[in-house]
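Each chain, written out:
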Amino acid sequence: MQRAQEELGVEAQFIESQAQADYERNITEFTEQEYDLIITVGFLLADATAKMAEVYPDTNMAIIDSAYDPPIPNVAGIVFNVDEAAFPIGYLAAGWAAMQDEADPQVGWVGGMQIPPVEQFIVAYEAGVAHYNAQKGTDVQAKGVYVGDFEAPDEGKIQGQSLIDEGVDVIFGVGGKTGNGGIAAAKENGKWGIGVDVDQYFTLPNEKDILITSCMKRLDNAVFNVTQALQNDQFPGGGLYVGTLENGGVGLAPFHDFDSQIPDDLKAEVAEIQQGIIAKQIWTGWGEEPETAAPEDLPGADYKVGMVSDVGGIDDASFNQNTWDGLVRAQEELGVESQFIESQAQADYERNITEFAEQEYDLIFTVGFLLNDATAKMAPLYPDLHFAGIDQWY
């Protein structure tokens with residue numbers, strides 16, 4: 001609004017709501033003063049905005065984070081495809097956690113109220129983590145909590161601390177001051193955070209040094225564009241303004257202090273994911289899956305393939321690593337779901353095979369001659385599953 005005031009010459013003013021009971025009264029105050037456009041901020045004002053728009057049909061209104069079906073002729077909905085930014089951020093958070101905590105990488109979130117505009121962040125964030133696991137064969141865990149309030153930083157901090165006590169390495173604060181409390185807990189524990197809505201590097205001075213990035217809604221651009229449309233007699237009443245990755249309405253904030261610490265290959269993967277989302281080749285997990293999304297079109301989309309490694313680690317530059325490279329290729333080209341379990345000792349072989357078998361994997365690869373006996377023992381116990389033993393014969 002300030003930008004519209006400076007660049008378009010409009011007169012702009014705001015009224016702060018102290019409670020939900022204020023919503024209708026505050027809208028009425030502007031309408032009675034014959035304001036040309038009233039912008040209401042947030043999903044919780046949806047009912048009040050709809051009610052007052054009917055009372056004042058000649059007044060243009062726009063609501064952020066909400067829309068109406070059927071549409072209201074004098075109200076424009078301003079919504080944001082925040083899932084398009086939250087998905088690559090989930091991938092980034094998983095990658096960072098995997099770097100910092102190889103033994104037990106976990107990412108988390110502290111949410112405000114459980115309403116669709118917040119769920120949109122969370123669903124896509126967790127889908128981004130799952131995408132990282134699918135691409136890398138990792139098992140980064142994602143967990144979080146809804147506090148039920150946007151104005152409860154102390155409770156957010158308590159919940160953030162609880163998540164950290166459970167092993168979470170990165171906290172995504174999704175819910176106003178409540179989410180900020182979760183980020184504060186990350187700061188106090190030497191962990192990392194992700195901001196929301198704006199680039200919180202500039203709004204959380206005490207925590208900015210732990211913020212990897214922020215998941216941004218460009219509300220400023222949206223409000224300016226809708227105001228300019230009104231001035232040009234093109235107000236989208238009864239319609240929508242949708243902020244997307246493609247039009248710059250949502251996005252990732254700069255990495256700031258972490259720019260030199262995030263590996264170039266992880267940055268490139270995050271950028272590639274964003275392009276895939278724009279091209280509708282990657283689904284964020286929110287809303288309807290685009291028809292052009294690739295995984296479900298691949299022949300192996302319904303198959304799960306597991307790999308039990310020999311001792312020596314997945315990155316042994318030998319049998320284990322080469323086998324996993326083949327499964328990654330199958331994942332990318334065939335669409336299979338693939339995962340590995342690293343054996344730390346020969347005593348692990350049967351237990352690791354059993355773990356995949358109990359999860360009803362379709363095919364289990366066991367790597368190396370030393371797994372010969374364990375594979376032979378477990379295969380008769382699970383006759384409906386398929387096994388493949390590398391450098392083994394019977």
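Everything here concerns the structure above.
The text that follows walks through the structure, step by step, so that each part is easy to find. (Residues numbered from 1 in each chain as written. Predicted model: local features only at pLDDT ≥ 70, side-chain atom pairs only at ≥ 80, totals over all residues. Heavy atoms only, no water.)

**So, the pairing of strand E12 (residues 337-341)**
Next up, step 1: The element E12 is extensively covered by neighbouring structure, given that four of its five residues are classed as buried.
Next up, step 2: Sheet topology note: the strand E11 (residues 304-308)/E12 ladder contains five bridges and is parallel. In the sheet register, Val305 faces E12, and the bridge partner there is Ser338.
Next up, step 3: Regarding the hand of the β-α-β motif, the stretch spanning E11, helix H10 (residues 319-334) and E12 is right-handed. (Buried < 20%, exposed > 50% of the residue type's maximum accessible area, 1.4 Å probe, protein only. Helix = DSSP H or I, 4+ residues; strand = E, 2+ residues; numbered from the N terminus. Pairing = 2+ DSSP bridges. Right-handed = clockwise from strand over helix to strand, strands pointing away.)

**Some words on the packing of helix H4 (residues 83-100) against helix H9 (residues 264-278)**
Next up, step 1: Look at H4 against H9: their axes get within 9 Å of each other, and the N-to-C directions meet at 160 degrees. Comparing their axes, H9 and H4 come out roughly antiparallel. The crossing of H4 and H9 is right-handed. Taken together, the residues of H9 that come into contact with H4 (itself represented by Glu84, Phe87, Pro88, Tyr91, Leu92, Gly95 and Trp96) are Leu266, Glu269, Val270, Ile273, Gln274 and Ile277.
Next up, step 2: The class makeup of the residues in the contact of H4 with H9 is nine nonpolar, two polar and two charged. (Axes fitted to C-alpha atoms, helices over the stretch in contact; angles between N-to-C directions. Parallel < 35°, antiparallel > 145°, perpendicular 65-115°, else oblique. Left-handed = near helix turned anticlockwise from the far one by under 90°. Contact = heavy atoms within 4.5 Å. Nonpolar A, V, L, I, M, F, W, Y, C, P; charged D, E, K, R; others polar.)

**Brief notes about unusual backbone geometry**
Next up, step 1: With omega at 10 degrees, the peptide bond leading from Asp69 into Pro70 counts as cis.
Next up, step 2: Its location among the elements puts Pro70 in the loop between strand E2 (60-64) and strand E3 (75-80).
Next up, step 3: Positive phi values are uncommon outside glycine, yet His256 reaches one of about 50 degrees.
Next up, step 4: Relative to the assigned elements, His256 resides in the loop between strand E10 (250-252) and H9.
Next up, step 5: Given the relative accessible area of 24%, His256 is considered partly exposed.
Next up, step 6: In this model, Lys280 sits at a positive phi of 60 degrees, which is unusual for a non-glycine residue.
Next up, step 7: When you line up the elements, Lys280 lands in the loop between H9 and E11.

**Let's talk about the pairing of E3**
Next up, step 1: Counting buried residues in E3 gives six out of six residues, a clear majority hidden from the surface.
Next up, step 2: By the alternation rule, side chains of E3 split into Val75, Gly77 and Val79 and Ala76, Ile78 and Phe80, which are all buried.

**As for the sheet that holds strand E5 (residues 141-146)**
Next up, step 1: The strand order E5-E4-E6-E7-E8-E10 describes an open sheet built from six strands, whose pairing is mixed. In this open sheet, the two strands that pair with only one neighbour each are E5 and E10. Neighbour-to-neighbour, the strand axes of this sheet turn through a mean angle of 15 degrees, independent of strand direction.
Next up, step 2: Inspection of the sheet shows strand E6 (residues 170-174) paired to strand E7 (residues 192-197) by three bridges, in the parallel sense. When the bridges of E7 are listed, Val170 appears paired with Trp192.
Next up, step 3: Contacts from helix H7 (residues 176-188) reach strand E4 (106-111), E6, E7 and strand E8 (211-217), with the element oriented near 165 degrees to E6.

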